[in-house]
Each structure stands twice: as structure tokens, then as C-alpha cells.
Amino acid sequence: MIYTLTLNPSLDYVLDLPRFTPGRVNRAGRAALFPGGKGLNVSIMLGRLGVPSRALGFAAGPEGERLRQLVRAQGVDEKLLALPSGSTRINVKLRAGQETDINAPGPEIPPQAVEQLLARLDSLSQGDVLVLAGSIPPGLPPSFYGDVLHRLQGRGVRGVVDAQGEALRQALPQRPFLIKPNRAELEELAGRPLQDARRVQQAAQALQRQGAENVLVSLGGEGALLLDSLGRVHTAPAPKGEVKGAVGAGDSMVAGFLAGLLAGEQPAAEGRGDKGRAPDHIDSISRAFRMGLAAGSATAFSDWLASGAEVLQLMGEGAANLG
């Protein structure tokens, strides 16, 4: 089973405007409310790709209950813990030629709620995947993702971390199976600009030396780079299409990667294929990379998260070719 953890989810209020002028009254042409949070996006996209998951995290107040309703409406098995006080945050996304995000702070997480969450995580076991995604809310240390992975050491749980700054840096010594920084996050960790593919690759290798098994770097319009656990570098250009927004694109890439990876591992898990022989690692990881890039790109070409059919169409077109 894949579990996703969203510590600081949100309601995302998306406004499409012909233009945005600060200090003036601006009228939106379209408004929509979506469930927000990187882990929740991963769960929703996994469901659209036919892969079940369970969404963990926190929700607070009437806003939190509305969030849970929206997540369930997407077919996700959500197990968000209700906080005793506070409100789930509402983020505003302005689309007016370019995209502007206004993200609110989340509610503080009390110690008893953290203990409830950790008790649920203690049930994870061999073969499970845990996706730790997004920002860490007030009251929790930046080491929280690393602490969770340390707690699960030795159980055969594969950890995926999609976070930035110290939250990601402090998770690296716990050897996460996969991390997915974008270029800006990679530059923050490297402490320097990464203007070309060679520098991106070197920065990814530095994170691998610090503990990450696989490093998947989303590069926007330039495509993506994967440094796999065998040291192989996979690259692919971005598929061609009209970009409508970046919200959820990186999360969709994580979901697509996991869906592609699990599909490649399925024959071994079920004893099918060549006398039950495990699938070739390179073929499996290559498929995962291609599906991840297709999923991320399909969402960038959509008003929100892409459909499974849109992802598979990009895969079928061969738009995400390995380099």
C-alpha cells in the first residue's frame, strides 16, 4: 500500500483573471476550489492512474471538514486526523498571464495529535511506500520527516520525500528511496545556481552521497533528470503542450513515477512473467521515469490535476523519451 502524508494541507482557491493590477479591484473570470497539499495531490493522481493509496495528515475546523469532503469526492481513502482547534489554511492561486501563489500558514499541531499520527505510521510494514510531501507546519521541527523515516527503519518501508530546505536535508541521512526536488529547491540545497544539465547532475549526485537512493529532479519546461540507485543518469525533454499552470505538476510526477515503478514490479510480486523472475531494474526505473514525466507534464497542460487518460496519452505518444 502507498501512504501519503500531508502535514499542512489546504483548500486551494484558484482565480483566473485576464490581468492582475495591484491596488485595484480585479475581477476573476473563473473561480474554483480544490483540495490542496502535495501528499493529497499524489494520492489523487495515483487514483487516476489506477493505484490505490491512503492519505494521512491533519484537518482542522470547518475548512478541514470541507477539505475532507473534496478529497473523498476524488475517490481517495482519506484518514486525516481532526485537530482540536485552529483552521485548515486557505491558499489563493492567481492565474493572470503568470501564476501567483498566496499561501497561508497552517494550524499548529499539538503533541497529542502527533502521537496519534505516529501510532498510525507504526502500522506500516514490508512493501509499503510512504510519501512525505510538502511543508512542515508550526510547532513541528524541520527534522520531522527524517524522524519519521528513522522510526520506520528496518521495516522494509520505502520512503519518498518531496520537500524543500531543511525538511529535505535532514531526511537524507535516513536513506529515502526517492526524493524529488525541482531546480529551485536543488539550487537552495546546493547553495549555487545550476544553469546547465551538468551542474544539475552534480548537485543530484551530492544528494545521493548524503543518503538518497534515487533523485528525481523536475526541470519545468526543460523536462526532468533522474539519478537512479545504480548511478545511471536518465534525462528527457518536456513534452510539447500549452502550459496552464504549475500547481500539482511535481506531485503528479511523484505519483506517475510510483505508478510506473509498481507496474514494472507487478510480475515479480504476483509470480507472473518469466517463471517469476524479477523485472529488470533498468527497465522498471526507466518506465517509472517516463510515466513520472508524462504525469507531471499532463497536469501542467491541465486546469488542475490531469486525468489518467491524459497521462497515458503522453506516454503513448512517446513524448517522454529517455536521453
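Since we're looking at a predicted model, the values are computed, not measured.

A. Here's a closer look at the sheet that holds strand 9 (residues 158–162). The strand order across the open sheet formed by nine strands is 5-4-1-8-9-10-11-12-13, and the pairing between neighbours is mixed. Edge positions in the sheet fall to strand 5 (77–82) and strand 13 (233–236), since each has one partner strand and no second. Sheet topology note: the strand 1 (residues 2–6)/strand 8 (residues 129–133) ladder contains four bridges and is parallel. In the strand pairing of strand 8, Thr-4 is matched with Val-131. Strands in contact with helix 7 (residues 197–209) are strand 10 (178–179), strand 11 (214–218), strand 12 (224–227) and strand 13; relative to strand 12, the strand with the most contacts, it is inclined by about 35 degrees.

B. Fine view of the packing of aromatic side chains. Under the counting rule described, the total for this entry stands at one aromatic pair. Judged by centre distance (4.6 Å) and plane angle (15 degrees), the rings of Phe-34 and Trp-304 are stacked. Linking Phe-34 in strand 3 (residues 30–36) with Trp-304 in the loop between helix 9 (281–300) and helix 10 (308–316), this pair joins segments that are 270 residues apart in sequence. Under the relative-accessibility criterion, Phe-34 is labelled buried at 14%. Classification of Trp-304 by relative accessible area gives buried; the value is 11%. Above the plane of the ring of Phe-177 lies Arg-158, whose end atom (NZ or CZ) is 5.0 Å from the centre.

C. Here's a closer look at the sheet that holds strand 7 (residues 98–102). Read from one edge of the open sheet, four strands run 3-2-6-7, paired in mixed fashion. Of all the strands in the sheet, the pair left with one neighbour each is strand 3 and strand 7. With direction set aside, neighbouring strand axes in the sheet form an average angle of 20 degrees. Alignment of strand 6 (residues 89–96) against strand 7, held across five bridges, turns out to be antiparallel. Residue pairing across strands places Lys-93 opposite Asp-101, the latter belonging to strand 7.

D. Just the side chain of Thr-88, in detail. For Thr-88, the location among the structural elements is in the loop between strand 5 and strand 6. At a separation of 2.9 Å, a polar atom in the side chain of Thr-88 contacts the main-chain amide nitrogen of Ala-60.

Rules and cut-offs
Residues numbered from 1 in each chain as written. Predicted model: local features only at pLDDT ≥ 70, side-chain atom pairs only at ≥ 80, totals over all residues. Heavy atoms only, no water. Pairing = 2+ DSSP bridges. Helix = DSSP H or I, 4+ residues; strand = E, 2+ residues; numbered from the N terminus. Contact = heavy atoms within 4.5 Å. Axes fitted to C-alpha atoms, helices over the stretch in contact; angles between N-to-C directions. Phe/Tyr/Trp six-rings, centres within 6.5 Å; stacked < 30°, edge-to-face > 60°. Buried < 20%, exposed > 50% of the residue type's maximum accessible area, 1.4 Å probe, protein only. Lys NZ or Arg CZ within 6 Å of the ring centre and 35° of its normal. Polar contact = N/O pair within 3.5 Å; in protein donor to acceptor, adjacent residues only side chain to side chain.

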